[in-house]
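Fold and geometry: a report
This is what each chain is made of:
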Amino acid sequence: MSIDDGQLELIELRRQFGDTVALDGLSFTVPRGQVFGFLGPNGAGKTTAMRAIVGVAALDSGSVRWNGEPIGEDARRRIGYMPEERGLYPSMRVSEQLEYLARLHGLTPARAQAAARYWSDRLGLVDRSQEKIEALSLGNQQRVQLAAALVHEPDLLVLDEPFSSLDPVGVDAMSAVLTERAAAGVTMLFSSHQLDLVEHLCTAVAIIDHGALVAHGTVDELASGGTLRVAVKVAGDEQAGWLAGPAPGAGGLPAGAAVEHVAGGTATISLARREDAQAILDLALLAGPVEQFGFVRRRLSEVFRDAVGPSVQEPVQAQTPAATAAAAAREAYPATEASR
Amino acid sequence: MSARWWAMTWLVARREINDRARAKSFWITSALLLVAVAAGAIVPGLLAGRQSTARIGIVGGPAAALSRTAREAGQISGTSVTVVALPSVAAAQAALRSGKLAAALVGDSEVLVNRQPVTGSSIGTTLAQIGGLQKIYAQLPPAAATGIATHGIALPVRSLSPPTKNLATRITGLTAAILIYVIILTYGIRITIGVGEEKATRVVEVLLTTLRPVQLLAGKVIGMGLLALGQIAAVVTVYLVLGHAVGSPEVRSAATNIVLVGGLWIVLGYAFYCTAYAAAGSLITRTADAYNAALPLQLPLILAYVLTYTVIYASTVNPFFHVLAFIPFTAPVAMPVLVAVGAAPAWQVAVSALITVASTVWMARLAGTIYGRAILRTGSRLKVRQVLRSPA
């Protein structure tokens, strides 16, 4: 197996619609077998990039390579795609729809039928397989859409907002399937605005803004990058008074360190250098027994905001009221972050 | 184009056929069309059957002379006459009242009918006129009356031009024009709606990951075309079988050439228009806009269809209609009509067909370009010029 096997490369993608630059030299690589998140505010160019990968959007310049080669006719049959705005025939039955799409991807009638049954069963649609798509709830339509992307057992999955419109049970089912497919060696790229979900699910992410890459790496790398912070709590000191009055003979906080906030006696302090953490621990120990001490890991939402800049507000999806309510119900942002 | 290319295109076509064949509306419209065609084949036959024959009674006088008078009256009024000899005026009156006779000629004295028509002539009035002339001729010297027995009373009519196509042939031409018009319009709009729906629901985005736009377009028009052909075959079969069964004069005298020309033009017309209707569908973003998008394609056919009525019942064809029969947009309706009225020789049909075939190639290319560029462009409804100016 060569290093290029299963690897998806986006190389200098450029696309302009009139005066609007959708893709501005976007480049990044998606390795095989990882759940890979594709993030960016609305209008950042995610959908255009995903459409370019599956070949339904033209590029002004740049190229998409998979397994080290441009994506040709045969390779396209090995892609599973879920568009942002769902694409199913409203009056077709679930089973027929899945079989039809499987056949278009080259499966024999018998295999298409078996695969449609398997994925209907797997995604909890088996009772609905004879219903028309238009008779299904939004969430179930979403499941059919995922089944449609998976029915031909693709080697590359490109999923645009697969989690929108799903209830928490649906999110769990979808997450399990994506994790399983990645473990099976599928190359996967999915976009989402649900950053906590992405943080939980993805091995790596790419964040884009205005059509260009602004951050890229594993979730661990990104979470441990940026401003270093430590969280410190001295036992019995609910106000973190130790910060205000150091013991006689002791120095204050190291130069460049600053208290960001105090909550429940735990002080979060930003550092200029990693070595300063030791000086802060020493300072806290002078005040009493230290109950909590550790580096603060950045949330992905924070990485996202840092990457796309302050002008971008909390990304809001255009959704139906019902979908928005469902999304709100599963949002896991802590209150402090949401109100920031 | 490889075998796989065609296999994929056939998958698309088959989906179209299954999809339409499952729709109740398809079966309802098919049934209505068949009922209309069945009525068209049976009703004129029944009506014609009543009008074209008449029983004429003769009472008294020389039976041979009276029979000749009755037959000549039938010839002049276009009625096939059966002569019945009756013993008395009373018997004739009874037969007239019971409706067994259309009229009775009583010697050289009078013609009896059950009731005079309010206006116009009837077999009765014609019989009275011929009977009256016969009576005058009978009083002439035998030398002067020579020839009456063999040639009849009326002078022969000599026409300078060959006879025009009879009404039955013309009606067949009109039926063909209506069928072509209805099939192209209904299947055309179905294509526009189908393409618009695929675009509006974004299913096209999923399909185009494995299909080329031209495959999707070809599969759709082939699927719809096969359905249309099936429907036409059913309609023509019903028309011919029922028409022959009831002895409809329209069906019996329907010239084979009109059926053939009608069949040719329905195929050519569909081929010419189907890709254009698909291109119209690719311009819209909501299925509700389908009818507006398809309207420009319907207008030429509507024009040709409306003008058909000025030709079918006229003795001459106006030059404008003749020109329409050579323009691919109107030829599918106009040319079969021209053939039905006997105004288009075979070479004209061939020339017009060639023009349409060449234009179909041009139309398919243009429509394919529009479709390929517009099918993935969302937002507001697109204009043809806007699409053609945009990069591929």
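So, how was this worked out
- Residues numbered from 1 in each chain as written.
- Chains lettered and ligands numbered in written order.
- Predicted model: local features only at pLDDT ≥ 70, side-chain atom pairs only at ≥ 80, totals over all residues.
- Helix = DSSP H or I, 4+ residues; strand = E, 2+ residues; numbered from the N terminus.
- Rg over C-alpha atoms; globule rule 2.2 N^0.38 Å.
- Buried ≥ 20, exposed ≤ 12 C-beta atoms within 10 Å, placed from the backbone.
- Contact = placed C-beta atoms within 7 Å.
- Nonpolar A, V, L, I, M, F, W, Y, C, P; charged D, E, K, R; others polar.
- Core = buried A, V, L, I, M, F, W, Y, C linked by C-beta atoms within 7 Å.
- Pairing = 2+ DSSP bridges.
- Axes fitted to C-alpha atoms, helices over the stretch in contact; angles between N-to-C directions.
- Parallel < 35°, antiparallel > 145°, perpendicular 65-115°, else oblique.
- Left-handed = near helix turned anticlockwise from the far one by under 90°.
- Domains from an automatic or database assignment.
- Expected span 1.5 Å × (residues − 1).
- Arc of directions from axis to C-beta.

1. A few points about the overall build of chain B
Assigned secondary structure in chain B consists of 16 helices and 4 strands. Rg of the C-alpha trace for chain B: 30 Å, well past the compact-globule value of 21 Å for 392 residues, more than 25% over. In terms of overall dimensions, chain B has a C-alpha envelope of 95 × 40 × 40 Å along the principal axes. When the 392 residues of chain B are sorted by exposure, 40% land in the buried category.

2. Description of the overall build of chain A
The number of helices and strands found in chain A is 12 helices and 14 strands. The buried share of chain A, reckoned over its 340 residues, is 41%. Contacts spanning at least 24 positions in sequence make up 72% of the contacts within chain A whose residues lie at least 6 apart.

3. So, the interface of chain A and chain B
At the junction of the two partners, chain A supplies 21 residues and chain B supplies 15 residues. Breaking the side of chain A that touches chain B down by element, the ones donating at least two residues are strand E6 (79-82) and helix H3 (94-104) of chain A. For the side of chain A that touches chain B, the leading source of residues is H3(A), giving 4 residues. When its residues are assigned to classes, the side of chain A that touches chain B shows 13 nonpolar, 3 polar and 5 charged.

4. Brief notes about the environment of B:Gln134
Residues and elements named next belong to chain B. Relative to the helices and strands, glutamine 134 is located in helix H5 (residues 123-138). We classify glutamine 134 as buried; it has 22 C-beta atoms within 10 Å. Expressed as a C-alpha distance, the spacing of glutamine 134 and valine 246, which sit 112 residues apart in the sequence, is 38 Å. Discounting residues that sit within four places of it in the chain, glutamine 134 has contacts with Ala65, Thr69, Asp108 and Ile153.

5. Here's the deal with the environment of B:Ala36
Residues and elements named next belong to chain B. With respect to the helices and strands, the residue alanine 36 is situated in helix H2 (residues 24-52). Given 15 C-beta atoms within a 10 Å radius, alanine 36 is considered partly exposed. The spatial distance from the C-alpha of alanine 36 to the C-alpha of serine 25 is 16 Å, given a sequence separation of 11 residues.

6. Remarks on the nonpolar core
Of all hydrophobic cores here, the largest spans 156 residues; its most connected members are A:Ala147, A:Val151, A:Val158, B:Ile180, B:Ala278, B:Ala334 and B:Met335. If near-sequence neighbours (up to four positions away) are discounted, B:Ala334 is found in contact with B:Ala304, B:Phe321, B:Leu324 and B:Ala325. B:Ile56, B:Ala92, B:Ala102 and B:Leu105 belong to the second-largest nonpolar core, a separate cluster that totals 22 residues.

7. What about the sheet that holds strand E9 (residues 204-209) of chain A?
The strands making up a sheet are joined through hydrogen bonds of the backbone, oriented either antiparallel or parallel. Residues and elements named next belong to chain A. On the basis of which strands lie adjacent, the open sheet formed by 6 strands has the order E6-E7-E8-E3-E9-E10 and mixed pairing. Edge positions in the open sheet fall to E6 and strand E10 (212-218), since each of these has one partner strand only. Pairs of neighbouring strands in the sheet enclose a mean axial angle of 15°, with direction left out of account. Direction of pairing for E6 relative to strand E7 (residues 156-160): parallel, over a ladder of 4 bridges. Within E7, the position partnered with glycine 80 by the bridge is leucine 157. Helix H5 (residues 138-150) rests against E6 and E7 of the sheet, and its axis sits at about 160° to E6. Strand contacts of helix H10 (residues 300-308): strand E3 (35-39), E9 and E10, with the helix running at about 30° to E9, the strand carrying the most contacts.

8. Here's the deal with the packing of helix H11 (residues 256-283) of chain B against helix H15 (residues 346-374) of chain B
Residues and elements named next belong to chain B. With their axes 8 Å apart at the nearest point, H11 and H15 run at an angle of 20° to one another. The angle between H11 and H15 places the two elements in the roughly parallel class. For the crossing formed where H11 meets H15, the hand is left-handed. Residue classes in the contact of H11 with H15 are distributed as 18 nonpolar, 6 polar and no charged.

9. Observations regarding the sheet that holds strand E14 (residues 290-295) of chain A
Residue and element names in this part refer to chain A. What the 4 strands build is an open sheet, ordered E12-E13-E11-E14; its pairing is antiparallel. On the outer flanks of this sheet lie strand E12 (258-263) and E14, each paired with one strand and no other. The mean inter-strand angle of the sheet, taken between neighbouring strand axes irrespective of direction, is 20°. With 5 bridges connecting them, strand E11 (residues 228-234) and E14 associate as antiparallel partners.

10. Digging into the pairing of E10(A)
Residues and elements named next belong to chain A. Pairing of E9 with E10 involves 6 bridges; the strand directions are antiparallel. Paired with isoleucine 208 across the bridge in E10 is leucine 213. Linking two consecutive strands that pair antiparallel, namely E9 and E10, is a turn of 2 residues; a positive phi of about 50° is found at histidine 210 within it.

11. Details of the domain arrangement of chain B
Split into domains, chain B comes out as domain 1 (53-151) and domain 2 (164-389). Using C-alpha coordinates to define each centre, domain 1 of chain B is positioned 53 Å away from domain 2 of chain B.

12. Focus: helix H6 (residues 168-183) of chain A
Residues and elements named next belong to chain A. Taking 1.5 Å per residue as the helical rise, H6 with its 16 residues ought to reach 22 Å, and the 22 Å between its terminal C-alpha atoms agrees with that figure. Every buried residue belonging to H6 is among Gly170, Met174, Val177, Leu178, Arg181 and Ala182, and all of these are buried. Along the axis of H6, the buried residues cluster in a sector spanning 130°; they form a single face. Exposed side of H6, more than 90 degrees from the buried face: Pro168, Val169, Asp172, Ala176, Glu180 and Ala183 are the residues found there. Of the surrounding elements, those touching the buried residues of H6 are E3, H5, E7, strand E8 (187-191) and helix H7 (195-201). Directly after H6, the chain includes glycine 185, whose backbone phi takes a positive value near 100°.

13. Considering the packing of H11(B) against helix H12 (residues 290-312) of chain B
Residues and elements named next belong to chain B. Contact geometry for H11 and H12: axes closest at 9 Å, N-to-C directions at 145°. You can see that H11 and H12 cross each other, and the crossing is right-handed. Within the contact between the two elements, H11 uses Tyr273, Ala276, Tyr277, Ala280, Gly281 and Leu283 and H12 uses Ala290, Ala293, Ala294 and Leu297.

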